[in-house]
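Each chain is listed here by its residues.
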Amino acid sequence: MTGSRVVALGHYQPAKVLTNDDLAAMVDTSDEWITSRVGIKTRHVGGPDEPVDELAAHAAAKALASAGLQPGDIDMVLVATSTAIDRSPSMSARVAARLGMRSPAVMDINVVCSGFTHALATADHAIRAGAATKALVIGADKMGDIVDWTDRSTCVLMGDGAGAAVVTADPDAGDRPGIGPVLWGSVPEMGNAVRIEGTPPRFAQEGQSVYRWATTQLPPIARKVCERAGITPEDLAAVVLHQANLRIIEPVARKIGAVNAVIARDVVNSGNTSAASIPMALSKLVERGEVASGAPALLFGFGGNLSYAGQVIRCP
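Fair warning: this is a prediction, and the values are worked out from it, not measured in the lab.

Novice: When you look at the sheet that holds strand β1 (residues 3-12) in this model, what are you seeing that I'm missing?
Specialist: Hydrogen bonding along the main chain pairs the strands of a sheet, whether they run parallel or antiparallel. Strand order in the open sheet made by the five strands is β1-β7-β6-β4-β5, with mixed pairing throughout. Unpaired on one side and paired on the other, β1 and β5 (105-109) mark the two borders of the sheet. Averaged over all pairs of adjacent strands, the angle between their axes in this sheet comes to 20°, without regard to strand direction. Bridge count between β1 and strand β7 (residues 160-170): nine bridges; the pairing is antiparallel. Paired with Gly3 across the bridge in β7 is Asp170. The sheet contacts of helix α3 (residues 52-67) involve β1, β6 (134-142) and β7, and relative to β1 the element is tilted by about 125°. Lying over the sheet, helix α10 (residues 277-287) contacts β1, β6 and β7, oriented at roughly 90° with respect to β1.

Structure follows, in structure tokens:
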């Protein structure tokens, strides 16, 4: 068995930006109301000619270019998404076709907001088991397609985008693995607290239930993720939580105790992009030079199903 590591990242968002003032012209809301409750200022929204796999492929191409790899070098493609309307071809197969890949294993993973950290763990496990050598792990969602734009309690939250990571084998990892052990789980009896149901599918959630669960139950789990990685929260250089809501991100980060870490707050400008939120936020932190290469970062996804998954990685 060998370890694995993230060697490059990429992100992509549609060009159209929807501000809080734009939303105030659509529903009974205001910039003050949205900012005070969820901390979001803007979000990107794709048009009908921008499908999920196109967003994913743009982010993937950027990550591949950063890694200095060609599409044909990749032998596994994992796409975390909950907004794939078609059952087949899968998003991963569509991305592979768009990028001209040769014969990769392709798999979609639907764990909603914690999809990317689940997919990253799956890629790590596949590489450790010798089933893959170079994987492309993507989180991509087009939440604008499934949100009810007349419901001010949910439409103010959502945005569209994609983030991607190139993961490769790391035989020299030793006691400093590039991707640490995953800690994952769920609360099945509370699964209905976040829903994407119906025809056409629509997003709905029990906001207060999710808020209480996230802010009370998740911090000790996140600390256990650090423990599994053999570090303390004080050692973290960055904390990248699912970008659900600033009122969740800030108290959870504080309770984890990562006092020396940069806290990702991409939700302010991107909204909740579900599975895309963690890789997109991490890619931006790395691109701006806010975390050093090799520095430990906690990735922690949570949300739909009520599920969660987290791991500590070394930044590319």
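Novice: Help me understand helix α2 (residues 31-38) in this model?
Specialist: One full turn of an α-helix is made of 3.6 residues, so residues set three or four places apart face in the same direction. For α2, the complete set of buried residues consists of Trp33, Ile34 and Val38. Taken around the axis of α2, the buried residues stretch over an arc of 95°, which confines them to a single face. For α2, the elements touching its buried residues are α1 (20-24), β3 (42-44), α6 (152-155) and α8 (246-256). Residue Gly39 follows α2 closely and has a positive phi angle near 75°.

Novice: Where do I start with the packing of α3 against helix α4 (residues 91-99) in this structure?
Specialist: Geometrically, a packed helix pair is captured by the angle between its two axes and the distance between the axes. Taken N-terminus to C-terminus, the directions of α3 and α4 make an angle of 55°; their axes are 9 Å apart at the nearest point. Here α3 is positioned oblique relative to α4, judged by the angle of their axes. Relative to α4, the crossing made by α3 is right-handed. Mapping the contact onto sequence places Val52, Asp53, Glu54, Ala56, Ala57, Ala60, Ala61 and Leu64 in α3 and Met91, Arg94, Val95, Arg98 and Leu99 in α4. Of the residues assigned to the contact of α3 with α4, the class counts are nine nonpolar, no polar and four charged.

Novice: Got a minute to help me understand the nonpolar core in this structure?
Specialist: A general feature of soluble globular proteins is that nonpolar side chains tend to end up buried together. Core analysis: the largest hydrophobic core is formed by 49 residues, its most contacted members being Leu236, Leu241, Leu298, Phe300 and Phe302. For this core, the secondary structure elements donating two or more residues are α2, α7 (207-228), β11 (238-241), α8, β13 (296-303) and β14 (307-314). No other element matches α7, which puts eight residues into this core. By size, the runner-up hydrophobic cluster in this structure holds 32 residues, among which are Met76, Ile127, Ala165 and Val291.

Novice: How should I be thinking about the side chain of Asn245 in this particular structure?
Specialist: By the element assignment, Asn245 lies in the loop between β11 and α8. Here Arg247 takes part through its backbone nitrogen, which lies 2.7 Å from a polar atom of the side chain of Asn245. In this structure, Asn245 is in contact with Arg37, Val38 and Val267, ignoring residues within four places of it in sequence.

Novice: Is there a simple way to think about the pairing of β14 in this case?
Specialist: Consecutive side chains of a regular strand alternate in pointing toward one face of the sheet and then the other. Of all eight residues in β14, eight are buried, a share of seventy percent or more. Where burial is concerned, the two faces of β14 agree: the one with Ser307, Ala309, Gln311 and Ile313 and the one with Tyr308, Gly310, Val312 and Arg314 are both buried. Where strand β8 (residues 183-186) and β14 come together, four bridges link them in antiparallel fashion. Residue pairing in the sheet places Leu183 in a bridge with Gly310 of β14. Of the strand pairs in this sheet, β13 and β14 are connected by eight bridges, and their pairing is antiparallel. Bridging across to β14, Gly303 finds its partner in Ser307.

Novice: What's the story with the sheet that holds strand β12 (residues 262-263) in this structure? I'm lost.
Specialist: Spatially, β8-β14-β13-β11-β12 is the arrangement adopted by the five strands of the open sheet, whose pairing is mixed. The sheet is open, and its two edges are formed by β8 and β12, each paired on a single side. Pairing analysis gives four bridges linking β11 to β13, with the strands arranged parallel. Within β13, the residue paired with Leu241 across the bridge is Phe300. Docked against the sheet, α8 engages β11, β12 and β13, running at close to 135° with respect to β11. The strands that α10 touches are β11, β12, β13 and β14; relative to β11, the one it contacts most, it runs at about 150°.

Novice: Help me out: how do you make sense of the side chain of Ser4 in this one?
Specialist: Mapped onto the elements of the fold, Ser4 is located in strand β1. Of the polar contacts made by the side chain of Ser4, one reaches the side chain of Asp124; its length is 2.6 Å.

Definitions and cut-offs
Residues numbered from 1 in each chain as written. Predicted model: local features only at pLDDT ≥ 70, side-chain atom pairs only at ≥ 80, totals over all residues. Heavy atoms only, no water. Pairing = 2+ DSSP bridges. Helix = DSSP H or I, 4+ residues; strand = E, 2+ residues; numbered from the N terminus. Axes fitted to C-alpha atoms, helices over the stretch in contact; angles between N-to-C directions. Contact = heavy atoms within 4.5 Å. Buried < 20%, exposed > 50% of the residue type's maximum accessible area, 1.4 Å probe, protein only. Arc of directions from axis to C-beta. Parallel < 35°, antiparallel > 145°, perpendicular 65-115°, else oblique. Left-handed = near helix turned anticlockwise from the far one by under 90°. Nonpolar A, V, L, I, M, F, W, Y, C, P; charged D, E, K, R; others polar. Core = buried A, V, L, I, M, F, W, Y, C linked by side-chain atoms within 4.5 Å. Polar contact = N/O pair within 3.5 Å; in protein donor to acceptor, adjacent residues only side chain to side chain.

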